[in-house]
Amino acid sequence: MTDNNYILKVENLTKIFTLGNIFSRIKIVAVNNVSFEIREGEVFTLAGESGSGKTTVARIILGFHEPTSGKIIYKGKDLTNLNKEDRNFFRREVQAIFQNPFESFNPLRKVSSYLYETLENFNIARDNKDEVVEKALRSVGLSREEVIDKYPTEFSGGQLQRISIARALITKPSLLIADEPVSMIDASLRMSIVNLFKELKEKSNVSVIYITHDLATAYYISDKIAIMFRGEIVESGEVEKVLMEPKHPYTMVLSESIPEPDPKRRWKKQISLSAFEEEEFLLKGCKFAKRCSFVMEECKKQEIPYFEINGRKVKCLLYK
Amino acid sequence: MPILKSENLKSFYILDIYGKKHVIQAVNGVSLEVEESEIYGIAGESGCGKSTLVRVLYGMIEPPLSLIDGNVFYKRNGEFISIFTLPEEELRKLRWEFISYIPQGSMNILNPVIKIIDSFWDFIGAHISKDEKEKMEHSLFEFFKMLGLPSKTLYAYPHQLSGGMRQRVIVALATFLNPKIIIADEPTTALDVVAQRGVIQLLKSIQSFLNNTIILVTHDMGVHATISDRIGIMYAGNIIEEAKTEEIYEDPLHPYTQYLIKSLPKIGDKSYKVSVPGTPPSLANPPSGCKFHPRCNYAMEECKLYVPKFVEVKPKHKVACFLYSKEVDS
Ligand SMILES: Nc1ncnc2c1ncn2[C@@H]1O[C@H](COP(=O)(O)OP(=O)(O)OP(=O)(O)O)[C@@H](O)[C@H]1O
Ligand SMILES: Nc1ncnc2c1ncn2[C@@H]1O[C@H](COP(=O)(O)OP(=O)(O)O)[C@@H](O)[C@H]1O
Ligand code: SF4
Ligand code: SF4
Ligand SMILES: [Mg+2]
Ligand SMILES: [Mg+2]
């Protein structure tokens with residue numbers, strides 16, 4: 001049922017939002033012609049600055065937004081026209097984890113009720129609910145005893161995020177979509193979450209879409225990475241290649257900007273930044289042209305195609 | 001020469017919940033000295049008291065926060081003055097001109113319906129004459145030019161700027177009056193790496209132009225490695241280790257700092273990283289003795305009973321841990 005073990009294929013996905021007030025009305029191409037595939041047991045990172053379209057891609061896959069155009073194939077089935085049975089199957093197989101754990105839980109509801117609710121919704125473990133909840137919490141380093149009868153405010157951000165992962169694991173998903181799961185969590189707890197994803201992949205062959213702008217953890221857990229800029233994937237391939245030898249000028253700036261936890265390697269060069277991001281969204285040719293130090297005349301005039309080099313795709317005319 | 005120092009600073013949140021008193025010991029006996037023209041970094045996990053500490057250093061103690069003990073001194077015109085004895089009027093003058101504070105989440109404090117420059121006039125409050133305003137606007141332009149910021153951002157509405165640009169504009173405005181000390185609380189935390197780098201670049205260039213002292217709070221150890229000269233590591237309301245940046249990364253002494261440094265992922269390194277075991281302590285009901293003892297692999301009997309004193313165990317390297325000194329904090 002799956003070709004080449006691809007669990008998810010995203011083909012030419014585009015999403016246009018119309019923004020505006022009474023004075024002006026503009027169209028934002030939040031996601032522009034994005035394609036990628038994920039294999040079973042693969043961790044795939046979507047990275048890029050804020051506003052680059054990462055969350056929009058995730059929300060389209062999860063069915064929260066209609067795509068303007070494009071296709072999403074999950075285990076051979078087109079998600080844009082599923083029957084009811086397939087939809088239930090998908091909702092069980094694909095689980096999401098969001099950025100702010102405090103927003104995922106209602107402060108007035110006991111945290112454990114979310115776990116039990118998921119069991120109900122998917123009709124899992126009718127007679128041994130406590131056992132299943134215990135098992136899910138154990139897998140994230142917590143116990144039912146520590147969690148039961150408590151409200152969200154009684155947990156730290158890191159604990160709450162682990163509880164939302166436990167909830168996601170209850171349905172035994174094949175694909176986890178984690179949208180900036182560690183950005184609200186400080187360094188000392190960050191690795192406990194990231195290691196969880198690593199374990200899930202290694203022990204249970206779960207695939208993960210890891211959305212982040214934290215490239216150090218992306219390097220640590222992922223197999224493949226796609227770098228997004230202003231709605232487009234500008235470079236994609238194996239994480240070692242893309243982050244260690246970036247080819248696209250934007251990926252170069254990105255990888256040079258990672259603050260390394262090593263005081264001996266401080267930055268020397270100044271980088272240039274954009275002031276008005278709307279302007280960049282509206283550029284005709286390469287959207288990085290305003291900040292690119294290699295910009296050529298032709299870059300501003302045409303849609304830039306992808307070029308294959310060393311087993312990766314780069315959207316830049318330098319590699320024509 | 002220190003420009004700011006605190007002595008045994010204690011400041012707690014005192015809450016009244018249904019008639020029951022709750023005390024959160026957010027800052028619990030901090031003594032530190034910040035040297036003139038240095039970048040002093042404060043690191044530590046979420047909820048350990050970093051923001052509360054800098055708020056107290058700024059003299060901004062409002063209920064439910066209250067000062068329990070200790071003092072904060074600023075050195076002005078060669079003399080240390082206690083900020084808690086200053087008349088309100090004096091303190092107000094000190095702010096902006098002597099010490100400037102950029103609070104956590106300040107990206108969102110700009111009024112969304114007015115232009116950025118008008119927010120700025122609102123902030124500096126005082127009634128300035130049209131003449132003065134014009135002069136100020138002119139030097140604001142020059143200042144932005146010097147820092148490489150486009151001056152048209154001053155006339156933009158907040159939503160027109162990316163998060164990173166908004167944050168840089170705020171940092172520039174907060175430092176425009178050339179304060180001796182700048183306190184920046186998590187100025188880059190919500191930003192992506194490129195925008196984050198922009199803010200750090202800006203702080204650095206402000207410092208190299210104006211030669212001021214910066215107190216930088218962030219839990220991002222990558223940012224500290226890039227910009228801080230010295231770092232104080234905070235845990236459960238106390239500074240538990242303090243040294244030069246290189247020292248903290250190369251020879252961390254406190255078991256908590258060691259975990260913190262060892263767990264940092266790096267590009268090019270896929271080796272397994274462990275995180276600090278256990279969970280952060282509650283500041284309403286902190287552990288006895290050394291507050292790290294429930295999570296510490298080296299914990300000894302004495303660690304549960306006594307609080308280790310914060311002492312210099314190597315030149316310019318202070319730590320509070322019984323592995324290095326048996327001195328007890330009274
Ligand atoms: N206004 C308040 N009222 C009551 N308690 C508070 C208040 N502000 C902070 N606290 C508590 O004081 C402690 C220290 O908080 P603080 O904001 O100083 O931490 P922090 O180190 O800055 O954390 P973060 O990294 O998340 O910003 C926490 O336990 C927090 O819940
Ligand atoms: N529901 C929406 N309505 C209008 N615009 C949106 C909506 N969601 C996202 N956008 C816009 O689409 C762009 C991409 O946003 P997003 O996918 O959230 O980026 P990221 O997750 O990479 O930060 C941004 O310019 C954002 O403002
Ligand atoms: S296409 Fe041109 S402007 Fe765009 S990144 Fe490549 S060289 Fe730079
Ligand atoms: S004082 Fe004891 S418990 Fe605290 S860090 Fe040192 S060894 Fe560990
Ligand atoms: Mg997002
Ligand atoms: Mg804070």
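Draft legend 1. Local environment of unusual backbone geometry. Cis geometry is found at the peptide bond from P63(B) to P64(B), where omega equals 5°. Even without glycine at this site, R230(A) takes up a positive phi of about 50°. With respect to the secondary-structure elements, R230(A) resides in the loop between β9 (224–229) and β10 (232–238). Overall, the relative accessible area of 1% leaves R230(A) in the buried class.

Draft legend 2. How the structure looks around the site of ligand 1. Residues and elements named next belong to chain B. The immediate surroundings of ligand 1 are formed by 16 residues, with S46, G47, K50, S51 and T52 found nearest. C48 is positioned such that a nitrogen or oxygen atom in its backbone is 3.3 Å from an oxygen atom of ligand 1. K50 is positioned such that a nitrogen or oxygen atom in its side chain is 2.7 Å from an oxygen atom of ligand 1. Here ligand 1 loses 69% of its free accessible area of 640 Å² to cover by the protein chains. Elements with a contribution of two residues or more to the shell around ligand 1: β1 (2–17), β2 (20–35) and α1 (50–57). Residue classes in the shell around ligand 1 are distributed as seven nonpolar, six polar and three charged.

Draft legend 3. Geometry of the coordination of the magnesium ion (ligand 6). Residue and element names in this part refer to chain B. Donor atoms from the polypeptide that coordinate the magnesium ion (ligand 6) comprise S51 (OG) and Q104 (OE1), at 1.9 to 2.1 Å from the metal. Placement of S51 in helix α1 and of Q104 in the loop between β6 (99–102) and α3 (116–124) is noted, with a sequence separation of 53 residues between them. A relative accessible area of 48% places Q104 in the partly exposed class.

Draft legend 4. Examining the interface of chain A and chain B more closely. Contacts between chain A and chain B engage 50 residues on the former and 54 residues on the latter. Across the interface of chain A and chain B, roughly 4400 Å² is buried in total on both sides, 61% from carbon and sulfur atoms. Linking chain A with chain B are two salt bridges, by the criterion used here. In this structure, E250(B) and K264(A) form a salt bridge, with 3.3 Å as the shortest nitrogen-oxygen distance. For the pair chain A and chain B, the number of links is nine residue pairs in polar contact (both at pLDDT 80 or more). Elements with a contribution of two residues or more to the side of chain A that touches chain B: α7 (157–169), α8 (187–204), α9 (215–221), α10 (239–244), α11 (249–257) and α12 (277–281) of chain A. For the side of chain A that touches chain B, the element with the most residues is α8(A), which contributes seven residues.

Draft legend 5. Fine view of the sheet that holds strand β4 (residues 65–76) of chain B. Residue and element names in this part refer to chain B. Spatially, four strands are ordered β2-β1-β4-β5 in an open sheet, and the strand pairing comes out antiparallel. Where the open sheet ends on each side, the last strands, each with one partner, are β2 and β5 (79–82). Taking each pair of neighbouring strands and ignoring which way they run, the sheet shows an average axis angle of 15°. Sheet topology note: the β1/β2 ladder contains 12 bridges and is antiparallel. Bridging from a neighbouring strand, L9 pairs with V30 of β2. Sheet contacts for α1: β1, β2 and β4; angle to β1, the most-contacted strand, approximately 115°.

What counts, and at which threshold
Residues numbered from 1 in each chain as written. Chains lettered and ligands numbered in written order. Predicted model: local features only at pLDDT ≥ 70, side-chain atom pairs only at ≥ 80, totals over all residues. Heavy atoms only, no water. Helix = DSSP H or I, 4+ residues; strand = E, 2+ residues; numbered from the N terminus. Buried < 20%, exposed > 50% of the residue type's maximum accessible area, 1.4 Å probe, protein only. Near = heavy atom within 4 Å. Polar contact = N/O pair within 3.5 Å; in protein donor to acceptor, adjacent residues only side chain to side chain. Areas by Shrake-Rupley, 256 points an atom, 1.4 Å probe, with all protein chains shown as cover. Nonpolar A, V, L, I, M, F, W, Y, C, P; charged D, E, K, R; others polar. Donors = N, O, S within 2.8 Å, 3.2 Å for Na, K, Ca; no water. Contact = heavy atoms within 4.5 Å. Buried area = accessible area lost by both parts, 1.4 Å probe. Salt bridge = Lys/Arg side-chain N within 4 Å of Asp/Glu carboxyl O. Pairing = 2+ DSSP bridges. Axes fitted to C-alpha atoms, helices over the stretch in contact; angles between N-to-C directions.

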